[in-house]
Amino acid sequence: MRLLTRVLAITASAATVATAAATPASAAAELVVNGTFAGGTTPWWNSADTSMAVSGGRLQVKVTGGTANAWDAMIGQNAITLAKGKTYTLSFDASASAPASAVTTVQLAASPYTRTLTKTFSLGTTSKRYSFPFTSTLATTGGQVSFQLGGGAGYTFSVDDVSLTEASSATPAPTPTATSKPTPTTTATPKPGSGPLAQTDGFYVDPDSNPATWVRDNSGDSRAARIRSAISSKPMARWFGNWNSDIGSAVSSYVAAADKAGKLPVLVAYNIPGRDACGGHSGGGAGSEAAYKTWISAFASGIGNRPAVVVIEPDSLGDFGCMSDAAVQERNRMLTYATQQFRDKATGTWAYLDGGNSGWVAAGTMATRLANAGVRNIRGFSVNVSNYYTTSESATYAKAVKSALGDTATFVIDTSRNGNGSNGEWCNPAGRKLGVPAQAGGAAEMLLWVKVPGDSDGNCGIAPGVPAGQFSPAIAVRLIDGT
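It should be emphasised that the depicted structure is a prediction, and the values quoted were computed from it without experimental measurement.

Asker: Which parts of the structure should I look at to understand the nonpolar core?
Answerer: Soluble globular proteins tend to pack their nonpolar side chains together in the buried interior. Ranked by size, the top nonpolar core spans 53 residues in total, and within it Phe299, Phe342 and Phe381 carry the most contacts. With residues near it in sequence (within four places) discarded, Phe342 still touches Ile296, Phe299, Ala300, Ile303, Val310, Ile312, Thr347 and Ala351. Counting 36 residues, the second largest nonpolar core, distinct from the first, contains Phe203, Trp239, Leu448 and Val452.

Asker: How should I be thinking about the layout of surface pockets in this particular structure?
Answerer: Roughly 900 Å³ of volume is contained in the second largest pocket. The set of elements that each furnish at least two residues to the lining of the second largest pocket consists of strand 6 (100-108), strand 7 (115-123), strand 8 (128-135), helix 6 (325-345) and strand 14 (349-354).

Asker: Is there a simple way to think about helix 5 (residues 289-303) in this case?
Answerer: Here helix 5 is 15 residues long and its end C-alpha atoms lie 22 Å apart, about the 21 Å a rise of 1.5 Å per residue gives. As for helix 5, its buried residues are in contact with strand 11 (238-240), helix 4 (247-261), strand 12 (266-269), strand 13 (308-312), helix 6 and strand 14. The first or second residue beyond helix 5 is Gly304, which carries a positive phi of 65 degrees.

Asker: Could you clarify how one ought to interpret the pattern of salt bridges in this entry?
Answerer: Two side chains with opposite charge may pair up if their charged atoms get near one another. The full count for this structure, using the stated rule, is 14 salt bridges. Salt-bridge contacts for Asp344 lead to Arg343; the nearest nitrogen and oxygen are separated by 2.7 Å. Classification of Arg343 as buried rests on a relative accessible area of 12%. Among the charged side chains, a network of salt bridges with common partners joins Lys128, Arg343 and Asp344.

The rules behind these values
Residues numbered from 1 in each chain as written. Predicted model: local features only at pLDDT ≥ 70, side-chain atom pairs only at ≥ 80, totals over all residues. Heavy atoms only, no water. Core = buried A, V, L, I, M, F, W, Y, C linked by side-chain atoms within 4.5 Å. Buried < 20%, exposed > 50% of the residue type's maximum accessible area, 1.4 Å probe, protein only. Contact = heavy atoms within 4.5 Å. 1 Å grid on protein atoms, 1.4 Å probe; cavity = no way out; pocket = protein on both sides within 12 Å on 5 of 7 lines; lining within 4 Å. Points joined across faces, edges and corners; volume = space filled by probe spheres on them. Helix = DSSP H or I, 4+ residues; strand = E, 2+ residues; numbered from the N terminus. Expected span 1.5 Å × (residues − 1). Salt bridge = Lys/Arg side-chain N within 4 Å of Asp/Glu carboxyl O.

So, to be careful, I would describe these as geometric facts and stop short of saying anything about function.
Written as C-alpha cells, this is what we have:
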C-alpha cells in the first residue's frame, strides 16, 4: 500500500483573535474533603497493602510490591455525592519514588462497584498535574474516589491537591444592544457525552480554511456558492506544522477563537521528522528529535485547559516498512513524548494517535505500534485520515485494533472523502465523494472531517499540477458530485 499524502499548504494565517475578559463563573462546589491533606489523612482510607502518612504537606502512600492487581493496593475517599448526567472533573498532583502505573476511579463505594470514571496514568519521579473530565452515569450519595496502586513493584506514591468538582455555569452574557454584537453564552446544562464534547456546543467551523478562503476570494465564481454550502460551512480540522512560525501562538489563537464561540475545535499535529518515509508527496517535518519535542510541547501548551480534539501525526505509524529500526525507535520516542505532552499540558483535550486505515497495516500490527507509541496516555486513535474507506469498513478495522490493544482506547474516523468508499487509489482518485459531516457518535466516538475536502493529495490523479495541500475548486466540486 503506497503511503497516503498529507496536507502541506495550509490556509493563510488567521487574524489575531482579540479576547475580552470573561465574567468570572460561579465557584464550583468541591466534593472531596481534605484534598490538600492539611488536616491529616481523615477521611481518606487505605487498604491492607498500603500505609499512609502526611509528609511535607503531601500524602505519602507506601505501596507493597508483588500484588496481583491494581485494586489490591488502594487509597480512597467515600461518601461522594454524584448526579447522573452532570459533568465533573477529577484533578490531582502526583508522583512516585520510581516510575509506575496507577489507576484512578470514581465509582460506587459498595457492590457492584460500578465505575463512572476509570483512568490509567503513568507516574514519574517529578510531580505532575492530572485532570480527567467525565459525565457521571451514577446518581448516588455513596460514591468513591480511589487510587489503585498495586500490580507491580513496591514504591511510594505521593499525592496532593485532590479535587472533584462539578462543571460550573458561566454568568449569562448581557442582552445585545444595537451597537454590540451578541456574545456566545455557556449553558449550565452539560451537552451529551463527556469531556470536551460536554463543554462545548458543536464543532468549530474554521473561518479561514482553504475552501473558506477560496470562496471569500472568488465570490463571483459560479462554483463558490456550492463549495460554501457543501464544504466551507462545515466543521473540519485545522492542520499545524513547520509552516507555523510560532506554533504555541498559532494554536492558542485558533483554540481561543473556538472557545469564545463555545465550539469544539479539531486540530492536527503534523510535524514528525522524516514523515512520508516511503517517498510520497508530503515529506518534511521538524529537523530533529529535539526540535520536534520543543514544537509539540509548545503545541500542547498552546491549548492549555481549553476544550479541543487533536489528531496526532497522520501516517506516522504506517510507513515503518520504509524506515530503519533506529528510525522506528526514534519515532516511537517522539510520539510517546507527544502523547505525554497532551496528557499533561492539554487537560481539556481528547487526543488521538493516528492508526492508519483499513487497507494499509494489519489490525494486530497497528495495535502493537500504537501501544509502543504511547496511545495509552491519551484518549485513543484515529483511522482513515485522508483516505476513502467507508465508515463501516473503517469502524470494523478500528474495532479490531481496539480489541488487539485490549484496553479502553476509543477511536475517531475521518469521513471527509469516504462517501463513495475507496477504489484502491490514494492520490486524488476520481469518483470519490464527501462523507458524513462531523458529529459525535455514528460508529465511532466521533466522525470528523480531518482532511480538508478539496485540498490536493499531490501532483497526481485528477489534479495534475496541483501541489499537495493546495485547494482546488475542481477537486471540491467533484467531491460534491461524486464524479
